[in-house]
Amino acid sequence: MEPRVIPNKQEWSWRGFVLQWEWLLVVLILIVFALNASLSEFFLDYGNLRDATMGFLDKAFIVLPMVFIILMGDIDISVASIVALSSVTMADLYSHGMPMEWAMMVCLAVGTACGWINGMLIVKFKELSSVIVTLATMIIYRGIAYILLEDQAAGKFPKWFKFLGWDYVGNIPFILLVFAVFAVAFGWLLHKTAFGRKVYAIGNNATASRYSGVEVDRIKVVVFTLAGFMSAVTALFLTARMGSSRPNIATGYELEVIAMVVLGGVSTAGGKGRMIGAILAVFLIGYLRYGLGLINVSAQSLLIILGLLLIFAVAIPRLKLLRSPVRKA
Amino acid sequence: MKKKHGVIGLIAVMMLTLLAACGKSGNSEGGASPSQAAVSESPSASASASSSESPSGNGGGAKKKFAIIFKNTGNPYGEKMMEGFKKAIEEVGGEAILKAPDQPTAEAQIQMIEELISQKVDSIAIAANDPDALQPALEKAMNAGIKVLSLDSAVNAASRLVHVNQADPERIGRTLIQGVSEMIGGEGEIAILSATSQATNQNTWIEWMKKELEDPKYSKIKLVKVAYGDDLRDKSVSETEALLKSYPNLKGIIAPTTVGIAAAGKVLTDKGLKGKVQLTGLGLPSEMAEYIESGVCQWMYLWNPIDVGYLSGYVADGLVKGTLTGKVGEKITAGTLGEKVVVQDGDGTQIMLGDPFKFDASNITEWKSVY
C-alpha cells in the first residue's frame, strides 16, 4: 500500500485560487457595498466609512486569537467578560489615583492573566470542554467586574486617552493602523511559523499531535493567553471610545466575535480556515451593520439578517460536500 | 464546478432580496410615509453619492430629520415615548427617525449616534443608557452641527443642549395633595409612605406637598407622618401596617414611589380597608391595575411617556430652528402641551413636562399593558 502523502504546501492552481472561501466573502462585501450605496446616499463617503470602521474595529482584535482557538477545535466565550474586567479594573484604579499609563498596563496585565487562567484550566481539566471552562470564567470575570464597580460607571479619563478611540493619524483612524499591525502579526504567526502549523495539527487531531511530539498543552495555554491579551487591547480601545467604563461593557461581544470567525470560513470542528477569511468577515459584518443602520433598519431585523448570514456561512460548506463527494480523491 | 458557482450565485441573489426586503421594512418602521419618500428618492441621488454634503443639511426645501434613540428595543414605555416624538415631528413637518439598540448598552447607542451623524440628521434626542459614556459621541454630533437633547434619562450637561424631564417636582407634590384631598373630602389625617429618607426625588416632592398643605383650604387635613419603606416591598408593607395601627383615624396615604404604592395597595386590600383609607401616589399602571380596578386606589399619577416624547419633538424642532438654544428662561410652545420654560438643572438646563398624568378606572385597562 502506498503511503498517502500530504503535501506541505498545496499546489497552486487557478481552480483552487478562484474557489477559495475568501472570494465569496469579497463578493459579499462588494454586494453589501453596492446595496448600501444604492439604499443610502450617505454610505459611499470616505469620512463616513472611515468613522464607521472606527466603530466596529474594537472587537476585531479578539477575532485574531479567536481564529487560533477555533482552529484548535476549542472555543472561548469568556472574552467579553475579560474585556469588562480589564476595562473596569483600569477605570477603577484610575479613579483611585493611579496614573493612566500604569492603569493601562494593569488593564493589559489583567486581560493576559485572565486568558492564562482559562488556558491553564483547560489544560489541567482535560475532561472539561473549553465551552464549560470559559462559561464558568465568563461568569466569574463579569462577577468580579460587578463587585469592583457595583453597577456604577467609572471614568473621567484624561483627554489624551480619547485619542485611542476617536482620533486619526493623518486621515486614517488610529485603531485601524493598530489593527493592521496586529492582523499582520497574527497572520504571520498562523501561516508562516511552526507554531501556526502546530495549531492546525492540534485542530485536525489533538491526540495524534501529542504523540507526534507537539506540545499541545503549552500551545493551548499560549493561545488562550493571547486571547486574554487581545481582549484587554479591545478593552483599551472600547473604553477610550466610551469615555467611561461600567461592568456591563462589551455585553454580547463573544458571540459577535465567534460569528465573525465562523463566517470567515474557520470550521468549528477545527483545523480548517484562514486568518484572511476572518478579517474579511469583520469588515463584511461591520459594513453590513453600518449600512443597515444608515437606512434605520430596526435592531431586531438587523439581528435576523446577521443570523441568516451566519446560517449561510455554516451551511454552504455542507452543500459543497454533499454535491461533490469526489473532493477528497 | 458549475454547481459551486451556482451556489455562490444563489447566495448573492438571496442576499439581494434579503437586503431589499429589509430596506423596505426599515422605512415603514422608520417614520411612515415621509421617510419612505425620502429613501425611495435616494437611489437616483446615489449616482452623485460622493457629493453627499449637498442636500439635506442646508435647509432649502428638504425635510429636516429628527432622530430619537431610546435605551433598547422591546420596551413598551420607550415605544410610547417614540410614538409621541414622531407625532410632534409630523406636526412640525419633519421626518422622524426612531432607533433603539437590541442591547441596553452605551456602546450600542454610540454606534447609532455615528450612523445618525453620517446621515446628517438635524437633531438627536436620546434616552441615555449611561450619562457620561456618550459624551465623546454626542460632542462629535454637536460639532457636526447636530442639535442634541436628552429625554427621560439625562446625559451629562456637557453632552446636551437641554434635557426634557418627565415631570415638574412642584406639580407632582401639589397634584398629589389635591388628589388626596378630593378623595377624603377635604378633611382628616393623612400620611406619606416614601422611599428612603435620602431619596432626592421623593424629598423634593414631599417638600412641595407640605407647601401645598399650607393653603388654608386644607386646614382640616393633617399630615401625621412621613414613613419610609426604603423602596423595599416587605419594608413598605410593614410600614403601611404600622401607620394603620398607630393612626386608627387615618383617612389617606400618599405613596410617591412605585414600590410603596403597590405595597400599600396590597395591605389595604388584605385588611379590607377599601373605601375607609384612600390611597394615591405615583405608580406603574401594570402593578396598580388590580387596585385601581377594585377601587382600593381610585386614581394615581405618573408621567405620560407619550407626552415626554411629544415635548422632546417640539424641543428638538425649536433647537433646529434656532428659536431655542437651551438657555435658562427661554420659552417654547409645544403643540397641544402649551408653553414650556427652560430652567436650571445642576450644570445644565432642562424643560419640565409639567403635570403628572392621572390613571383611573377609565384608562387603566388601556395603560396596564403598556408599562
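Thresholds, definitions, all that
- Residues numbered from 1 in each chain as written.
- Chains lettered and ligands numbered in written order.
- Predicted model: local features only at pLDDT ≥ 70, side-chain atom pairs only at ≥ 80, totals over all residues.
- Helix = DSSP H or I, 4+ residues; strand = E, 2+ residues; numbered from the N terminus.
- Buried ≥ 20, exposed ≤ 12 C-beta atoms within 10 Å, placed from the backbone.
- Contact = placed C-beta atoms within 7 Å.
- Rg over C-alpha atoms; globule rule 2.2 N^0.38 Å.
- Pairing = 2+ DSSP bridges.
- Axes fitted to C-alpha atoms, helices over the stretch in contact; angles between N-to-C directions.
- pLDDT = per-residue confidence, 0-100.
- Expected span 1.5 Å × (residues − 1).
- Core = buried A, V, L, I, M, F, W, Y, C linked by C-beta atoms within 7 Å.
- Domains from an automatic or database assignment.
- Parallel < 35°, antiparallel > 145°, perpendicular 65-115°, else oblique.
- Nonpolar A, V, L, I, M, F, W, Y, C, P; charged D, E, K, R; others polar.

Colleague: Looking at this structure, how should I read the overall build of chain B?
Modeller: Scanning chain B for helices and strands turns up 11 helices and 14 strands. Looking at chain B residue by residue over its 371 residues, the buried ones come to 50%. Relative to all contacts within chain B whose residues are 6 or more apart in sequence, the contacts with residues 24 or more apart total 71%.

Colleague: Help me out: how do you make sense of the overall build of chain A in this one?
Modeller: The number of helices and strands found in chain A is 15 helices and 4 strands. Radius of gyration (C-alpha) of chain A: 21 Å, near the 20 Å computed for a compact globule of 329 residues. The principal-axis extents of the C-alpha atoms in chain A amount to approximately 70 × 55 × 35 Å. Split into buried and exposed, the 329 residues of chain A put 50% on the buried side.

Colleague: Explanation requested: the pairing of strand S10 (residues 299-302) of chain B in the structure shown.
Modeller: Side-chain positions along a regular strand alternate between the two faces of the sheet. All names here are of chain B. Residues of S10 alternate between two faces, with Trp299 and Tyr301 on one and Met300 and Leu302 on the opposite face, all of them buried. Here S10 runs beside strand S14 (residues 357-360); their pairing, made up of 4 bridges, is antiparallel. Bridge pairing in S14 links Trp299 to Asp360.

Colleague: Would you mind going over the sheet that holds strand S6 (residues 188-194) of chain B with me for this structure?
Modeller: Strand pairing in a sheet relies on backbone hydrogen bonds. The paired strands run either parallel or antiparallel. Residue and element names in this part refer to chain B. Strands sit in the order S7-S6-S8-S9 across an open sheet of 4 strands; the sheet is parallel. Bordering the open sheet on either side are strand S7 (221-228) and strand S9 (278-281), each of which pairs with just one other strand. Neighbouring strand axes in the sheet, compared pairwise and without regard to direction, differ in orientation by 20° on average. Examined bridge by bridge, strand S8 (residues 250-255) and S9 share 4 bridges and lie parallel to one another. Bridge pairing in S9 places Gly252 opposite Gln278. Along the sheet, helix H5 (residues 169-183) makes contact with S6, S7, S8 and S9, crossing S9 at roughly 165°. Helix H8 (residues 258-270) contacts S6, S8 and S9 of the sheet and is inclined by roughly 165° relative to S9.

Colleague: It is not clear to me how the confidence of the model for chain B should be interpreted in this structure. Could you clarify?
Modeller: Detailed reading of the predicted coordinates is not advisable wherever pLDDT is low. Residues and elements named next belong to chain B. Counting all residues, the mean pLDDT for chain B is 80, and 83% of those residues have values of 70 or more. In this model residues 19-60 is a low-confidence stretch, pLDDT under 50, and it forms 52 contacts with partners more than four residues away in sequence or in other chains. This prediction of the complex comes with two scores: 0.73 for pTM and 0.82 for ipTM.

Colleague: Looking at this structure, I do not really get the environment of Thr257 of chain B. What am I missing?
Modeller: As for its position among the elements, Thr257 of chain B is in the loop between S8 and H8. C-beta crowding within 10 Å serves as the criterion here: with 26 such atoms nearby, Thr257 of chain B is assigned to the buried category.

Colleague: Help me understand helix H4 (residues 60-71) of chain A in this model?
Modeller: Residues and elements named next belong to chain A. End to end, H4 covers 17 Å across 12 residues, agreeing with the expected 16 Å (1.5 Å per residue, within 8%). The buried fraction of H4 is high, at 12 of 12 residues. Of all the residues in H4, the buried ones are Ala60, Phe61, Ile62, Val63, Leu64, Pro65, Met66, Val67, Phe68, Ile69, Ile70 and Leu71. Elements in contact with the buried residues of H4: helix H5 (79-95), helix H9 (174-192), helix H10 (194-204), helix H12 (216-242), helix H13 (253-263) and helix H14 (275-294). Positive backbone phi, at 85°, marks Gly73, one or two positions downstream of H4.

Colleague: Would you mind showing me how to read unusual backbone geometry here?
Modeller: What you tend to see is this: most non-glycine residues have negative phi, and most peptide bonds are trans. Residue and element names in this part refer to chain A. In this model, Ala250 sits at a positive phi of 65°, which is unusual for a non-glycine residue. Relative to the assigned elements, Ala250 resides in the loop between strand S4 (244-245) and H13. Look at Asn296: it is not a glycine, yet its phi comes out positive at around 55°. Along the chain, Asn296 falls in the loop between H14 and helix H15 (299-323).

Colleague: I keep staring at the nonpolar core and nothing clicks. Help me out?
Modeller: Most often, soluble globular proteins have nonpolar side chains that are buried together. Ranked by size, the top nonpolar core spans 210 residues in total, and within it Val63, Val67 and Val261 of chain A together with Ile124 and Val315 of chain B carry the most contacts. A total of 17 residues in this core trace back to one element, the largest contributor, which is H12 of chain A. Residues within four places of Val67 of chain A in sequence aside, it is in contact with Leu190, Val261, Val266, Gly273, Met275 and Ala278 of chain A.

Colleague: Looking at this structure, how should I read the confidence of the model for chain A?
Modeller: Overall, the predicted model of chain A reaches an average pLDDT of 88, with 92% of residues at or above 70. With pLDDT under 50 throughout, residues 324-329 of chain A is counted as low confidence; its partners more than four residues away or in other chains account for 1 contact.

Colleague: What is the right way to look at H10 of chain A in this model?
Modeller: Since the α-helix packs 3.6 residues into each turn, any two residues three or four apart lie on the same face. Among the residues of H10 of chain A, those classed as buried are Val199, Ala201, Ile202 and Gly203 of chain A. On its buried face, H10 of chain A sits against H4, H9, helix H11 (206-211) and H12 of chain A.

Colleague: What am I meant to see in the domain arrangement of chain B here?
Modeller: The figure often quoted for interface size is the accessible area lost as the parts come together. Along its sequence, chain B is carved into domain 1 (61-166 + 306-352) and domain 2 (169-302). Placing the centre of domain 1 of chain B and that of domain 2 of chain B at their C-alpha centroids yields a distance of 33 Å.

Colleague: I keep staring at the packing of helix H3 (residues 46-56) of chain A against helix H3 (residues 106-118) of chain B and nothing clicks. Help me out?
Modeller: Axes are the key here: two packed helices are described by the angle between their axes and the distance separating the axes. At a minimum axis distance of 10 Å, the contact between H3 of chain A and H3 of chain B shows a crossing angle of 180°. Viewed along their axes, H3 of chain A and H3 of chain B adopt a mutual orientation that is roughly antiparallel. Residues Asn48, Asp51, Ala52 and Gly55 of chain A of H3 of chain A form the contact with H3 of chain B, whose participating residues are Gln111, Glu114 and Ser118 of chain B. Class assignment for the residues of the contact of H3 of chain A with H3 of chain B results in 1 nonpolar, 4 polar and 2 charged.

Colleague: Would you explain the pairing of strand S12 (residues 339-345) of chain B in this entry?
Modeller: Residues and elements named next belong to chain B. Across 3 bridges, strand S11 (residues 331-333) lies against S12 in antiparallel orientation. Of the residues in S12, the one forming a bridge with Thr333 is Glu339. Between S11 and S12, which pair antiparallel one after the other, the connecting turn spans 5 residues, and Gly335 there sits at a positive phi close to 50°. Bridge analysis of S12 against strand S13 (residues 348-352) gives 4 bridges, and the strand direction is antiparallel. Bridged to Gln344 within S13 is Thr349. Between the end of S12 and the start of S13, which pair antiparallel, lie 2 residues, with Gly346 showing a positive phi angle near 60°.

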